[in-house]
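Residue-level listing of the chains:
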Amino acid sequence: MRMSRRLDNLAPYLFVEISKKIAEKRAKGEDVVSFGIGDPDIPTPSHIIDRLCQAIQDPANHRYPESDGLPELRQAIADWYEKRFNVPLDPDKEVLPLIGAKEGIAHIALCFIDPGDTALVPDPGYPVYSIGTMLAGGKSYFLPLNEENDFLPDFKSIPEHIAKEAKLLWINYPNNPTGAVADLDFFNRTVGFAHQYDLAVCHDGPYTEVAFDGYQPVSFMQADGAKEVGIEFHSLSKSYNMTGWRIGMAVGNKTMIDALKRVKSNIDSGIPQAIQYAAIEALTGPQDCIQEHNAIYQRRRDLVIDMLNNIGLKARPPKASLYIWAKIPDGYTSVDFATDLLEKAGVVVTPGVGYGRSGENYVRLSLTIPDAGVVKGLSRLAGWRDSKNRFKAKSNLT
Ligand SMILES: Cc1ncc(COP(=O)(O)O)c(C=O)c1O
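Thresholds applied
Residues numbered from 1 in each chain as written. Predicted model: local features only at pLDDT ≥ 70, side-chain atom pairs only at ≥ 80, totals over all residues. Heavy atoms only, no water. Helix = DSSP H or I, 4+ residues; strand = E, 2+ residues; numbered from the N terminus. Rg over C-alpha atoms; globule rule 2.2 N^0.38 Å. Buried < 20%, exposed > 50% of the residue type's maximum accessible area, 1.4 Å probe, protein only. Areas by Shrake-Rupley, 256 points an atom, 1.4 Å probe, with all protein chains shown as cover. Polar contact = N/O pair within 3.5 Å; in protein donor to acceptor, adjacent residues only side chain to side chain. Contact = heavy atoms within 4.5 Å. Pairing = 2+ DSSP bridges. pLDDT = per-residue confidence, 0-100. Near = heavy atom within 4 Å. Salt bridge = Lys/Arg side-chain N within 4 Å of Asp/Glu carboxyl O. Axes fitted to C-alpha atoms, helices over the stretch in contact; angles between N-to-C directions. Parallel < 35°, antiparallel > 145°, perpendicular 65-115°, else oblique. Left-handed = near helix turned anticlockwise from the far one by under 90°.

Let's shift gears to the overall build of the chain. Helix and strand counts for the chain come out as 14 helices and 13 strands. In terms of overall dimensions, the chain is globule-like: its C-alpha atoms have a radius of gyration of 21 Å, near the 21 Å expected for 398 residues. Relative to its 398 residues, the chain shows a buried fraction of 56%. Only carbon and sulfur atoms are counted for the fraction: they give 51% of the accessible area of the chain, which is about 17600 Å².

Below, the structure written as structure tokens:
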């Protein structure tokens, strides 16, 4: 067999490797507490499940769906954007349902990137931006996200020739993995930068509904002229605890939406229709669940931040997202730190370097484990002594 060259550049997906390690430990009877993947532990609200159960009984929903989704779903997405962000969308031309945002994020590269082309990609960043670029034969120019710049990219630091040759710009707020947020001023500047260099902007915003202390994240689509230059990826995964249902959407620029639709209709056959009806219920039904879930995550966030700061790891409390981005002590790589923590304390955190070189001095903790797990994980962290004996917990949590 002669495999493709692109496969040589494709490392196993970060979380597949972490899940494997956890499974090995659990198979040996060891108890592992995982702050790893951002996969909500709270169940999908029952009214959404009830709608699925009803829709699955209808034989019309057992057949191939249309690849651009049910018109009623596109309308529900448009209505949701109007209500939540005051952004009007044409449901037929500016909305495209996806089999989860990840699928669309990977496929959009095929619409813009020819072999040798460049995409501007945040570092650290959700790995699929650069993986999609690589699979399309392109290269990523990484934009460092640093604490000093509130984890926003510095467009001015991009060399002129790179900005000119790049075709796509990726941004993501509320941000994974840093938990940073962006305001409208940043999104307006992004539109200006995109106009200046004829860039197509892909904003990835699946965490706009996971926010704390009354903060309400904005959508890139609210920026002046956003629809002229870009699209936004969104998802029901984190807003409604539906990661396993695989449903998301892209909205915005008509030409980009049409291109993505063209690629997708030649690759997949849409989202199972019963799931689309459940998604309509999620978007149009009661929304109290969002505040309820956020109250739970906020409580966990505060527990984790207190503990991390007590033991000497610096982390800012995020205003939104499911993640805490904690700075590790000098003298470690993030992989060493995470490995030691797993081996000695049975606690999983994600090494920051998995999201790019600029993530090297950090680890990410996800808030998607039940409260009891959070408390257990934190008490283990408090009692942990690393093998290099550089890290000393200053307090004990009981
Ligand atoms: C930044 C970001 N974008 C997209 C996704 C994928 O979302 P979906 O479940 O809709 O594929 C994730 C999932 O963790 C994410 O963190």
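From this point, the discussion proceeds with the structure in view.
Further remarks concern the side chain of Asp 268. If you trace the backbone, Asp 268 turns up in the loop between helix H10 (254-265) and helix H11 (273-284). Overall, Asp 268 belongs to the buried group, its relative accessible area being 13%. Separated by 2.7 Å, the side chains of Asp 268 and Lys 264 make a polar contact. In terms of polar contacts, Asp 268 uses its side chain to reach the backbone amide nitrogen of Gly 270, at 2.9 Å. Ignoring sequence-local partners within four residues, the contact set of Asp 268 consists of Ser 67, Ile 99 and Glu 103.

Attention now moves to the pairing of strand E8 (residues 248-252). The buried fraction of E8 is high, at five of five residues. On E8, burial covers both faces: Gly 248, Ala 250 and Gly 252 on one face and Met 249 and Val 251 on the other are all buried. Pairing of strand E2 (residues 95-98) with E8 involves four bridges; the strand directions are antiparallel. Bridged to Leu 96 within E8 is Ala 250. Pairing between strand E7 (residues 230-235) and E8: five bridges, direction antiparallel. Paired with Ile 231 across the bridge in E8 is Gly 252.

As a further point, take the confidence of the model for the chain. For residues with low pLDDT, the predicted coordinates do not support detailed interpretation. Per-chain confidence: the chain averages 93 in pLDDT, with 96% of residues scoring 70 or above. Scored below 50 in pLDDT, residues 394-398 shows 13 contacts in the model against residues more than four places distant or in partner chains.

A few words now on the site of the ligand. Close to the ligand lie 15 residues; Asp 204, Tyr 207, Ser 235, Ser 237 and Arg 246 are nearest. Between the ligand and Ala 101, the relevant distance is 2.7 Å, taken from an oxygen atom to a main-chain nitrogen or oxygen of the residue. Residue Asp 204 places a side-chain N or O atom 2.5 Å away from a nitrogen atom belonging to the ligand. Contact with the protein chains covers 92% of the free accessible surface of the ligand, which is 400 Å². Top contributing element to the shell around the ligand by residue count: helix H5 (residues 101-112), with three residues.

Here we come to the side chain of Asn 61. Looking at the secondary structure, you find Asn 61 in the loop between helix H3 (46-56) and helix H4 (71-85). Classification of Asn 61 as buried rests on a relative accessible area of 11%. At 2.8 Å, the side chain of Asn 61 forms a polar contact with the side chain of Gln 273. Sequence-distant contacts of Asn 61, defined by excluding residues within four places in its chain, comprise Ala 55, Gln 273, Ala 274 and Tyr 277.

Moving on, we get to the pattern of salt bridges. Pairs may arise between side chains of opposite charge once their charged atoms sit close together. Evaluated as defined, the whole model comprises 23 salt bridges. The salt bridge partner of Arg 74 is Asp 68, with a shortest N-O separation of 3.6 Å. Given a relative accessible area of 8%, Arg 74 falls into the buried group. For Asp 68, a relative accessible area of 21% corresponds to the partly exposed category. For Lys 167, the salt bridge goes to Asp 114, with nearest N and O atoms at 4.0 Å. Residue Lys 167 is found in strand E5 (residues 166-172), and its partner Asp 114 is found in the loop between H5 and strand E3 (118-123); the two are separated by 53 residues along the sequence. Residue Lys 167 is classed as partly exposed on the basis of its relative accessible area of 28%. Shared partners join several salt bridges into a network, and the residues in it are Asp 41, Arg 299, Arg 300 and Asp 371.

With that settled, consider the packing of H3 against H11. Two numbers describe how H3 lies on H11: the axes approach to 8 Å, and their chain directions differ by 150 degrees. Considering the angle they form, H3 stands roughly antiparallel to H11. When the axes of H3 and H11 are compared, the crossing they make is right-handed. Counting all contacts with H3, which are made through His 47, Ile 48, Arg 51, Leu 52, Ala 55 and Ile 56, the residues of H11 involved are Ala 274, Ile 275, Tyr 277, Ala 278, Glu 281 and Ala 282.

Once that is clear, we can look at the sheet that holds E3. One open sheet accounts for seven strands, arranged E2-E8-E7-E6-E5-E3-E4; its pairing is mixed. Of all the strands in the sheet, the pair left with one neighbour each is E2 and strand E4 (139-144). Geometrically, the sheet is characterised by an average inter-axis angle of 20 degrees between neighbouring strands, direction not taken into account. Pairing between E3 and E5: three bridges, direction parallel. Bridge pairing in E5 places Leu 120 opposite Leu 169.

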